[in-house]
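Analysis of the macromolecular model
Each chain is listed here by its residues.
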Amino acid sequence: MINVRIAQEADAQSLPDIEQSAGEAYREIADLAWIADDDNLTVERHRELIAKGTCWVAVEDDNRRSCIPER
């Protein structure tokens, strides 16, 4: 089961890697391949968004995170 929640400070460090991994899924789609090469948010930017309450994560039962940031 997946739950969506507001990101927490403890999530910030892993979010850029999650964002990069998610972007790679678009590499095989010609019109969307640019997403894989787009810049990811920094840990600092994620922390800013977390502080504002505008960064969300999808968390699996084992607490693994997926990133849903507001840019």
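If you're wondering where the values come from, they're calculated on a predicted model, not measured in any experiment.

This part covers the overall build of the protein. For the protein, the helix and strand inventory stands at three helices and three strands. Listing the helices and strands of the protein from first to last along the sequence gives β-α-α-α-β-β. Across the 71 residues that make up the protein, the buried fraction comes to 28%. Contacts spanning at least 24 positions in sequence make up 64% of the contacts within the protein whose residues lie at least 6 apart.

With that settled, the discussion passes to the confidence of the model for the protein. Chain-level statistics for the protein give a pLDDT mean of 88 and a share of 86% at 70 or above. Looking across the protein, the model is least confident in strand β3 (residues 65-69), with a mean pLDDT of 54, and most confident in helix α3 (residues 43-52), with 97.

With that settled, consider α3. When α3 is considered as a whole, its buried residues turn out to be Val 43, His 46, Leu 49 and Ile 50. Buried positions in α3, seen along its axis, are confined to an arc of 120 degrees and lie on one side of it. Among the exposed residues of α3, those pointing more than 90 degrees away from its buried face are Ala 51 and Lys 52. The positive-phi residue at the C-terminal boundary of α3 is Gly 53, with phi of around 75 degrees.

Next up on the list: the packing of helix α1 (residues 15-24) against α3. Running from N to C, α1 and α3 cross one another at 105 degrees; their axes reach a closest spacing of 9 Å. When the interaxial angle is binned, α1 and α3 end up roughly perpendicular. On α3, the residues touching Leu 15, Pro 16 and Glu 19 of α1 are Val 43, His 46 and Ile 50. When grouped by side-chain class, the residues that make up the contact of α1 with α3 number four nonpolar, one polar and one charged.

The rules behind each value
- Residues numbered from 1 in each chain as written.
- Predicted model: local features only at pLDDT ≥ 70, side-chain atom pairs only at ≥ 80, totals over all residues.
- Heavy atoms only, no water.
- Helix = DSSP H or I, 4+ residues; strand = E, 2+ residues; numbered from the N terminus.
- Buried < 20%, exposed > 50% of the residue type's maximum accessible area, 1.4 Å probe, protein only.
- Contact = heavy atoms within 4.5 Å.
- pLDDT = per-residue confidence, 0-100.
- Arc of directions from axis to C-beta.
- Axes fitted to C-alpha atoms, helices over the stretch in contact; angles between N-to-C directions.
- Parallel < 35°, antiparallel > 145°, perpendicular 65-115°, else oblique.
- Nonpolar A, V, L, I, M, F, W, Y, C, P; charged D, E, K, R; others polar.

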